[in-house]
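Examination of the molecular architecture
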Amino acid sequence: MAEGEEAVSNKQVILKHYVAGYPKESDMEFKNTTIKLNVPEGSNVVVLKNLYLSCDPYMRSRMRKLEGSYVESFTPGEPITGYGVAKVLESGDSKFKKGDLVWGMTGWEEYSIATPTQDTLYKVHDKDVPLSYYTGILGMPGMTAYVGFYEVCSPKKGETVFVSAASGAVGQLVGQFAKMFGCYVVGSAGTKEKVDLLKSKFGFDEAFNYNEEQDLDAALKRYFPDGIDIYFENVGGKMLDAVLLNMKLHGRIAVCGMISQYNLENTEGVHNLFNLIAKRIRMEGFIVFDYYHLYPKYLEMIIPQIKAGNVVYVEDVAEGLENAPNALVGLFSGRNVGKQVVVVSRE
């Protein structure tokens, strides 16, 4: 029998059914299957051993039946998929060889068979940084922060920047990029611990706990007496409504996510949209996939900054595939501090 033809066990995280309301661990289950770690003759698939998995808020929308969305629904009864870091065990694609480390779309399982396309799998070239960073600062969340801030918001030195969900995978980087650029930066988060982190570790000028604010409009006026030039939107709902009242003329809003709305059956309305007209605000939604052609440019910028210690990145690490459902569900109650990562295997 040729190498890799023997079947090995493969533990998977399966979505049991489409989800309404807040996701629960019981919406997922474990399944033990077997997999042959070989590439069928003439196939261009890549056999992966998964090392790290990324928990990301957008995955919540994939737990319901989607139509016309930028991502596809998960298939009930099948493994969840998401971003991860993996090692190539066998390859039928000339761009990848056995032993390569890669990041991109993979399954929530110990081993995956992937068909690489232009925007699904990237080779890890720089190994002097923690491999798990390719689920975060060197992967999709890092690109999201970079694109949203520099490309969508068109910042100018000295401008005022507000970041919601500021201690998360994307927000912590937006704040640091804005500081490096010479902006005044304020972030919001949901606990005292996270607020302290924003100021002490990530260098935000100010930060506040939105759970302690009775009036978000008043809170924003306190930190931005002259208004907000740039808002990096991760939250939606009441926060967006308050921000619209506090934007400056010609302000820019990059709409990255709206985590406050993902688990609601009836999403909240936004009442202050007239400010877009009165203040000539540009509000733009963006999807990071559309900007992956800038990934090499981003790496050129970010890797020297990481190595010089100019950018820090906080991860919340869950050990073992068996803890993946708990880690994913925790995103929606704000339990994670920093980027939520699941370790499947460290080799």
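Residues numbered from 1 in each chain as written. Predicted model: local features only at pLDDT ≥ 70, side-chain atom pairs only at ≥ 80, totals over all residues. Heavy atoms only, no water.

1. Brief notes about the UniProt feature "domain: Enoyl reductase (ER)" (unreviewed entry) in the protein chain
Under the present numbering, the feature "domain: Enoyl reductase (ER)" (unreviewed entry) in UniProt falls on residues 46-342. With 26% helix and 26% strand, the stretch residues 46-342 has end C-alpha atoms that lie 22 Å from each other. (UniProt positions renumbered as here; feature names shortened; annotations may be inferred. Helix = DSSP H or I, 4+ residues; strand = E, 2+ residues; numbered from the N terminus.)

2. Concerning the side chain of Ser 167
Note that Ser 167 resides in the loop between strand S8 (160-163) and helix H2 (171-181). When neighbours within four sequence positions are excluded, Ser 167 is seen to be in contact with Gln 172, Ala 189, Lys 194, Leu 198 and Gly 338. (Contact = heavy atoms within 4.5 Å.)

3. Some thoughts on the side chain of Asn 234
Structurally, the position occupied by Asn 234 is in the loop between strand S11 (228-233) and helix H5 (237-246). Note on Asn 234: relative accessible area 10%, which makes it buried. Here Ser 164 takes part through its backbone oxygen, which lies 2.8 Å from a polar atom of the side chain of Asn 234. The residues contacting Asn 234, other than those within four sequence positions of it, are Val 163, Ser 164, Ala 165, Gly 171, Cys 256, Gly 257, Met 258 and Ile 259. (Buried < 20%, exposed > 50% of the residue type's maximum accessible area, 1.4 Å probe, protein only. Polar contact = N/O pair within 3.5 Å; in protein donor to acceptor, adjacent residues only side chain to side chain.)

4. A closer look at the packing of aromatic side chains
Taken as a whole and assessed by the stated rule, the structure comprises 23 aromatic pairs. Geometrically, the ring pair formed by Trp 103 and Tyr 122 is stacked, given 4.8 Å between the ring centres and 15 degrees between the ring planes. Residue Trp 103 is located in strand S5 (residues 101-107), and its partner Tyr 122 is located in strand S7 (residues 121-123); the two are separated by 19 residues in the primary sequence. Pair check on accessibility: Trp 103 and Tyr 122 agree, each one buried. Ring plane angle 75 degrees and centroid distance 5.0 Å describe the contact between Phe 149 and Tyr 150, whose orientation is recorded as edge-to-face. Owing to a relative accessible area of 22%, Tyr 150 belongs among the partly exposed residues under this scheme. Aromatic rings pair up to connect Tyr 58, Tyr 70, Tyr 83, Trp 103, Tyr 122, Phe 289, Tyr 292 and Tyr 295 into one cluster. For the cation-ring pair, Lys 11 lies above Phe 30, with the distance from its terminal atom to the ring centre recorded as 5.1 Å. (Phe/Tyr/Trp six-rings, centres within 6.5 Å; stacked < 30°, edge-to-face > 60°. Lys NZ or Arg CZ within 6 Å of the ring centre and 35° of its normal.)

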